[in-house]
Amino acid sequence: MTTYIVTSDRLNGLKRGDTIETADLAGFNIEHLVEAGHLSTQKATKSAKPITTEQKD
Amino acid sequence: MATTVYLSNPAVTINSVDLQDQCTSAVVNYVYEQLETTTFGDSARKFGGSAVTSLQNNTIEVTLFQSYAASETEATIFGLTGIVTTLVLKPTSAAVSATNPSYTLTGAYLSSHTPINASLGELSEITLTFSGGALTKATS
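All residue numbers refer to position in the chain's written sequence, counted from 1. Throughout, the order in which chains and ligands are written sets their labels, letters from A for the former and numbers from 1 for the latter. The predicted nature of this model means local features are confined to residues of pLDDT at least 70 and side-chain atom pairs, given and counted, to a pLDDT of 80 or more, with totals for whole chains, interfaces and linings taken over all residues. Neither water nor hydrogens contribute to the side-chain values; these are computed over all heavy atoms in the structure.

1. Structural notes on the overall build of chain B
Turning to step 1, where the next piece is worked out: Tallying secondary structure elements over chain B gives 1 helix and 8 strands in all.
Turning to step 2, where the next piece is worked out: Helix numbers and strand numbers start at the N terminus; a helix is a DSSP run of H or I with at least 4 residues, a strand a run of E with at least 2. Walking chain B from its N terminus toward its C terminus, one meets helices and strands in the order β-β-β-β-α-β-β-β-β.
Turning to step 3, where the next piece is worked out: The C-alpha radius of gyration computed for chain B amounts to 18 Å, which surpasses the reference 14 Å derived for 140 residues by more than 25%, pointing to a less compact arrangement than a globule.
Turning to step 4, where the next piece is worked out: The principal-axis extent of the C-alpha atoms belonging to chain B is close to 60 × 35 × 25 Å.
Turning to step 5, where the next piece is worked out: Total accessible area on chain B stands at roughly 8,200 Å², and carbon and sulfur atoms take up 55% of it. Radius of gyration here uses only the C-alpha atoms, and the compact-globule reference equals 2.2 Å multiplied by the residue count raised to the power 0.38. Areas reported as accessible are Shrake-Rupley estimates using a 1.4 Å probe. Residue values count occlusion only from the protein chains shown.

2. As for the nonpolar core
Turning to step 1, where the next piece is worked out: In plain words, nonpolar cores are sets of buried Ala, Val, Leu, Ile, Met, Phe, Trp, Tyr and Cys residues tied together by side-chain atoms within 4.5 Å. Think of it in three bands: with a 1.4 Å probe and only protein chains considered, a residue is buried below 20% of the maximum accessible area for its type, exposed above 50%, and partly exposed in between. Counting residues in each nonpolar core, the largest one holds 27 residues, and the members touching the most others are Leu39(A), Ile14(B), Val62(B), Leu64(B), Ile77(B), Leu128(B) and Phe130(B).
Turning to step 2, where the next piece is worked out: The residues contacting Val62(B), other than those within four sequence positions of it, are Val12(B), Ile14(B), Cys23(B), Ser25(B), Ala26(B), Ile126(B), Thr127(B), Leu128(B) and Phe130(B). Pairs of residues are marked as contacts when any of their non-hydrogen atoms sit within 4.5 Å.

3. Focus on the pattern of salt bridges
Turning to step 1, where the next piece is worked out: For this analysis, a salt bridge means a side-chain nitrogen from Lys or Arg found within 4 Å of a carboxyl oxygen belonging to Asp or Glu. Considering all chains together, one arrives at 5 salt bridges over all chains under this definition.
Turning to step 2, where the next piece is worked out: Among the ionic pairs, Glu72(B) bridges to Arg10(A), the shortest N-O distance being 2.5 Å. Of this pair, Glu72(B) sits in the loop between β4 (59–65) and α1 (73–77) while Arg10(A) is found in the loop between β1 (3–6) and β2 (19–21), placing the two residues in two different chains. Residue Glu72(B) shares its accessibility class with Arg10(A), and that shared class is buried.
Turning to step 3, where the next piece is worked out: A salt bridge links Lys46(B) to Asp42(B), with the shortest nitrogen-to-oxygen separation between them at 3.4 Å.
Turning to step 4, where the next piece is worked out: One salt-bridge network, held together by shared partners, links Arg10(A), Asp21(B) and Glu72(B).

Now the structure itself:
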């Protein structure tokens, strides 16, 4: 089962960044949703080590 | 008398993509083909009957403002031409209920699309007709 990342704000009931699986998209054309930029098959990558900046007086 | 006035919020999703903010018109036609069952001896034409189930012949027609921006109308619709998809329409965007039923057309076919429909000084609109598929109504 493939997991997709939501990449637009237009998918019904989902937000950008949410993940969704093939089974949740039954009846919909997943390939086209990917082509149209609503879904991505790329895995979410961990962001680099957080950089903390201290404010200097 | 309770009537329904469409001000701004019917929910329209095409292939699970919410296009409510681009949509200006939506029509759901729930149709069963009319099969004649008139026989000798009848004095009037008859159609259908308890033992006759005809095929659904549904259509949904929507009018959308055209937009070529990322994830907008054109990106969503162009690739659906010539294939089947699922549409969900509700009178309002509120939760599905007996007074806000959702209508789902599964297996609807989009045979044509007009990527450019431009007139000087007017907003570009496209009208799409999705044909076929089975229509179901949900109230919860």
